[in-house]
Structures are given as structure tokens and as C-alpha cells.
Amino acid sequence: MKAGFELFKTRRYDAGLDIAALEAQYNIELPSLYKLFVSTFHLEDYPPSTEKYFVPGEERHHYAGDIAYMPLYDDMENRLHLTLNTLAYSLSAHKSIINEVEWQEYGFFRIGEIGMGGGLYVGTRAENRDRIFRIRWDWPQDYDDICDNIFELVRGLILIYDPNDPPLHLNSYDQLYKNWGDDHWQARMT
């Protein structure tokens, strides 16, 4: 099972982002570790590098699991499943939510989705720069301080198979196989 940085593909050196130009365009200063992360790793896959598989007779692929943050996984009520947004998507969304409380009061920049109302954010102000926060709009507290930075968050990520919420058509990962040269897994129907 993939975990941590195995979930992401690195960018080629010559395929970097011009983050300074994007910051100027959107009038924002992003925290340094977050900038380093998005300039080093591809986030264009959604969710990032999650294994995909095809089922015979279907034209589209399915994702083989969820990405979860393991330090919060055992706490059923506070379990964190997430996907990280591309920088372009986050900047575009930020432009439309610049007046939201998360930005105005805390300086939180949204970097991901958590599968429910709210999101995953990185701090941009001196007192919270590079820290990762989770906001659930239906919680009594304003936010949940998850970890020190994006690299610590990624180290805690794992692709999980939840038998209580299995991927479509799968009872276990033993059903998946690849033929020589295949790009994606195939599901063996039992």
C-alpha cells in the first residue's frame, strides 16, 4: 500500500511552476514550505497518485482507495480523508472566497478537500505560517490544528482500503492485477 511521498510524482526540474508570478497575479504571499512542496510535486492527479483500476465492461476507471491522514485515522469521529488541490485550483478558488472568515480572520489558504463541509488549509500569517489546519463548518470549534507543515502532513498520508466502505466491485486488493505494459490495474471479477 502506498504511503507518504510515494503517493506523489515529482516534477521535472524544467517543468517547475512560476510561483512568484502566480503570487503577484493573485496578490498573495504563500508560505515557503508549501511553495516548495507544490513546486516539487505534481498535484494534477485527483486524488494524487491513487491507484486506479478498470472493471471489465466499464469505460471509466475507479480509485482503489481513499487517502487518509493516519494520525487521525483511528478516531472515527475526527477521521481525516483528504485530497490536495492543485495550486492553480487553490488560487482560483481563493480569488472567489477572499472575504471568507477563514482568510479574513486567520489567514488560512485552502489547499484541499476533506470530503465534507470545510477544507484543509495552510496558514499564511507569521503566527501560523506553514501550519496545516482543518475546518469543518459543522464543528463547534473554529478549526483543528493538524500539523506543523505540508511535509509532515504528507508523511502521515496513506492509501487505505476500508472494508466497511470498499471500492466499487472490490472485496479485496487481491482482485487487482496488471498485465505486462498496462498503465492501470484491472479488477478480476469473482
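In this text the structure is predicted, and so the values were computed from the model without any measurement.

Some remarks on the overall build of the protein
Scanning the protein from terminus to terminus reveals five helices and 11 strands. For the protein, buried positions account for 43% of its 190 residues. Taking the contacts inside the protein whose residues are at least 6 apart along the sequence as the reference set, 54% of them involve residues at least 24 apart. Total accessible area on the protein stands at roughly 10,600 Å², and carbon and sulfur atoms take up 49% of it.

Some words on empty space enclosed by the protein
Using the criterion set out here, one finds two cavities of 30 Å³ or more in the structure. Of the voids in this model, the largest cavity is the one considered here, and its volume is about 40 Å³. In this structure, the largest cavity is lined by H94, I97, E100, E102, W103, F108, F109, R110 and Y121. Those elements that provide at least two residues to the lining of the largest cavity are α4 (101–106) and β5 (108–113). Per element, the largest residue contribution to the lining of the largest cavity is three residues, and it comes from β5. For the lining of the largest cavity, the per-class residue count stands at five nonpolar, one polar and three charged.

Section: the pattern of salt bridges
Counted by the stated rule, this structure contains five salt bridges. For the salt bridge of E113 with R110, the shortest nitrogen-to-oxygen distance reads 2.8 Å. One network of salt bridges, with partners in common, ties together R131, D145 and D148.

A word on the side chain of T124
The residue T124 is located in the loop between β6 (118–123) and β7 (132–136) in this model. Under the relative-accessibility criterion, T124 is labelled buried at 8%. Of note is the side chain of T124, whose polar atom sits 2.5 Å from the backbone oxygen of G107.

Some thoughts on the packing of aromatic side chains
Under the counting rule described, the total for this entry stands at 13 aromatic pairs. Taking 6.1 Å as the distance between ring centres and 35 degrees as the angle between the ring planes, the aromatic pair formed by F5 and F151 counts as tilted. With F5 in the segment before α1 (19–26) and F151 in helix α5 (residues 150–155), this pair connects stretches of sequence that are 146 residues apart. On the accessibility criterion, F151 (21% relative accessible area) is partly exposed. Aromatic side chains F108 and F133 sit 4.2 Å apart centroid to centroid with 20 degrees between the ring planes, which places their arrangement in the stacked category. Here F133 lies in strand β7 and F108 lies in strand β5, a separation of 25 residues in the sequence. Neither residue differs from the other here; F108 and F133 are each classed as buried.

A word on the sheet that holds strand β4 (residues 83–84)
As summarised here, the arrangement of the five strands in space is β4-β5-β6-β7-β8, forming an open sheet in which the pairing is antiparallel. The sheet terminates laterally at β4 and β8 (144–147), the two strands that pair on one side only. Bridge analysis of β4 against β5 gives two bridges, and the strand direction is antiparallel. Following the sheet pairing, L84 is matched in β5 by G112.

Scoring rules and cut-offs
- Residues numbered from 1 in each chain as written.
- Predicted model: local features only at pLDDT ≥ 70, side-chain atom pairs only at ≥ 80, totals over all residues.
- Heavy atoms only, no water.
- Helix = DSSP H or I, 4+ residues; strand = E, 2+ residues; numbered from the N terminus.
- Buried < 20%, exposed > 50% of the residue type's maximum accessible area, 1.4 Å probe, protein only.
- Contact = heavy atoms within 4.5 Å.
- Areas by Shrake-Rupley, 256 points an atom, 1.4 Å probe, with all protein chains shown as cover.
- 1 Å grid on protein atoms, 1.4 Å probe; cavity = no way out; pocket = protein on both sides within 12 Å on 5 of 7 lines; lining within 4 Å.
- Points joined across faces, edges and corners; volume = space filled by probe spheres on them.
- Nonpolar A, V, L, I, M, F, W, Y, C, P; charged D, E, K, R; others polar.
- Salt bridge = Lys/Arg side-chain N within 4 Å of Asp/Glu carboxyl O.
- Polar contact = N/O pair within 3.5 Å; in protein donor to acceptor, adjacent residues only side chain to side chain.
- Phe/Tyr/Trp six-rings, centres within 6.5 Å; stacked < 30°, edge-to-face > 60°.
- Pairing = 2+ DSSP bridges.

Just distances and angles here, no functional claims.
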